[in-house]
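Spelled out, the chains give:
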Amino acid sequence: MTTLTIATSAYGKVILLGEHAVVYGQPALCGALRDGAQVQAVPGEGALVIPAWGKRTQAVYKDQDGSRDTLGLAFGAILLSLGASDRVLDHDFVATFAIPTGAGLGSSAALSVALARAVDQALMLRRGEPAMASAAFLAEQVFHGTPSGLDHTVAQHGGFGLFRRQRGLETVHASAVPLCIGMTGRARDTRGRVERVAELYRERPEEVGQLFHQIGTLVRDGARAVAEGDLVALGRAMNRNQEVLSGLEVSCPEIETLCRAALAAGALGAKLTGGGGGGCVIALAPDRANQVQEAWRAAGFASFVTTVGGGMARGARGTSLAEDRGTRGTSLA
Ligand code: MEV
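Residues numbered from 1 in each chain as written. Predicted model: local features only at pLDDT ≥ 70, side-chain atom pairs only at ≥ 80, totals over all residues. Heavy atoms only, no water.

Chemist: Tell me about helix H5 (residues 190–203), and please be specific about residues and values.
Modeler: With 14 residues, H5 extends 20 Å from end C-alpha to end C-alpha; this agrees with the ideal 20 Å at 1.5 Å per step. By the burial criterion, the buried members of H5 are Thr-190, Gly-192, Arg-193, Val-194, Arg-196, Val-197 and Leu-200. Of the surrounding secondary structure, the elements contacted by the buried residues of H5 are helix H3 (129–144) and helix H6 (205–227). (Helix = DSSP H or I, 4+ residues; strand = E, 2+ residues; numbered from the N terminus. Expected span 1.5 Å × (residues − 1). Buried < 20%, exposed > 50% of the residue type's maximum accessible area, 1.4 Å probe, protein only. Contact = heavy atoms within 4.5 Å.)

Chemist: Any details on the site of the ligand? Residues and values, ideally.
Modeler: Surveying the vicinity of the ligand reveals the residues Lys-13, Ile-15, Glu-19, His-20, Val-22, Val-23, Pro-147, Ser-148, Asp-151, Gly-274 and Gly-275. Take His-20: an N or O atom from its main chain is 2.9 Å from an oxygen atom of the ligand. One nitrogen or oxygen atom from the side chain of Asp-151 is found 3.0 Å from an oxygen atom belonging to the ligand. Relative to its free-state accessible area of 300 Å², the ligand is covered by the protein chains to the extent of 97%. Along the lines of polarity and charge, the residues of the shell around the ligand split into four nonpolar, four polar and three charged. (Near = heavy atom within 4 Å. Polar contact = N/O pair within 3.5 Å; in protein donor to acceptor, adjacent residues only side chain to side chain. Areas by Shrake-Rupley, 256 points an atom, 1.4 Å probe, with all protein chains shown as cover. Nonpolar A, V, L, I, M, F, W, Y, C, P; charged D, E, K, R; others polar.)

Chemist: Give me the packing of helix H1 (residues 70–81) against helix H2 (residues 107–122): which residues, what numbers.
Modeler: Two elements in contact, H1 and H2, have axes whose closest approach is 10 Å; the angle formed by their N-to-C orientations is 50°. Judged by the angle between their axes, H1 and H2 are oblique. Remark: the crossing between H1 and H2 carries right-handed chirality. For the pair H1 and H2, the contacting residues are Leu-71, Phe-75, Ile-78 and Leu-79 in the first and Leu-111, Ser-112, Leu-115, Ala-116 and Val-119 in the second. Residues belonging to the contact of H1 with H2 are distributed by class as follows: eight nonpolar, one polar and no charged. (Axes fitted to C-alpha atoms, helices over the stretch in contact; angles between N-to-C directions. Parallel < 35°, antiparallel > 145°, perpendicular 65-115°, else oblique. Left-handed = near helix turned anticlockwise from the far one by under 90°.)

None of the figures reported here should be taken as evidence of function without further support.
What follows is the structure, given as structure tokens:
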């Protein structure tokens, strides 16, 4: 008898420009990381297992009083969305990550998409990719509150381009963009930072609305620059975007330190990526990647280099994960 192994995967992501404002309808420039999450379905009894976190959880459908099991709730949301909550699961779903988790690189969305696909295959539901998107989006709402949909869209399809709510991802054709990714060692706080930005917007709608518009303009300028191969202009947009993000209270001291160190080492641009409050900094340093990584290492921060774009869309391979584990921040779970 042959046993078929069910193994699914989904991409990680980097936001080059436009996080937070994208929640309010502005575009964001983003690209997939080839590496992301994998989920394997093995004989078992319906548990989601994450060995790296020492986690094993059944699907949960309601908050337990006071002790919110986010992972179990996200798993439950996926089963509900796929119409599988009353099915007997005779598989466990074992998730592994090839990117740092809790770092703003889309690990929760990659997990959500890969898990939805694995459940679909294990139960032979054949619901199709749009149903995977709906299930992953529900799980992302459990993880992050009110996400824009960018993360699970890129996790599902890969690619590089401009993401807008309602319109999805529009491809921008560009050569591969090399990035240094530095880790603050502090978990990103997407839910908290998205809530804080919403609060600021409620308190000062005109001023904060202007900031969203400024970010939208920077995103469009950056997309044009990257399509024309003008990395200097892209770097400028990244630096300005970081200033606006600091004004929106989504930066933190470690992010500022990493950005300053990258620029001092010759990067063209540096900014936080994703939810902020921790997580990662991206630096654009086409000819100075070693110097940027060295500066970060000297300051105690781990980093790696990668690329986004350059035809990496939809399954083609292109990310190189040259890891440099510094003394800080290798475990962000
Ligand atoms: C998180 O990766 C990006 C944010 O813009 C939130 C979202 O788009 O859902 C901060």
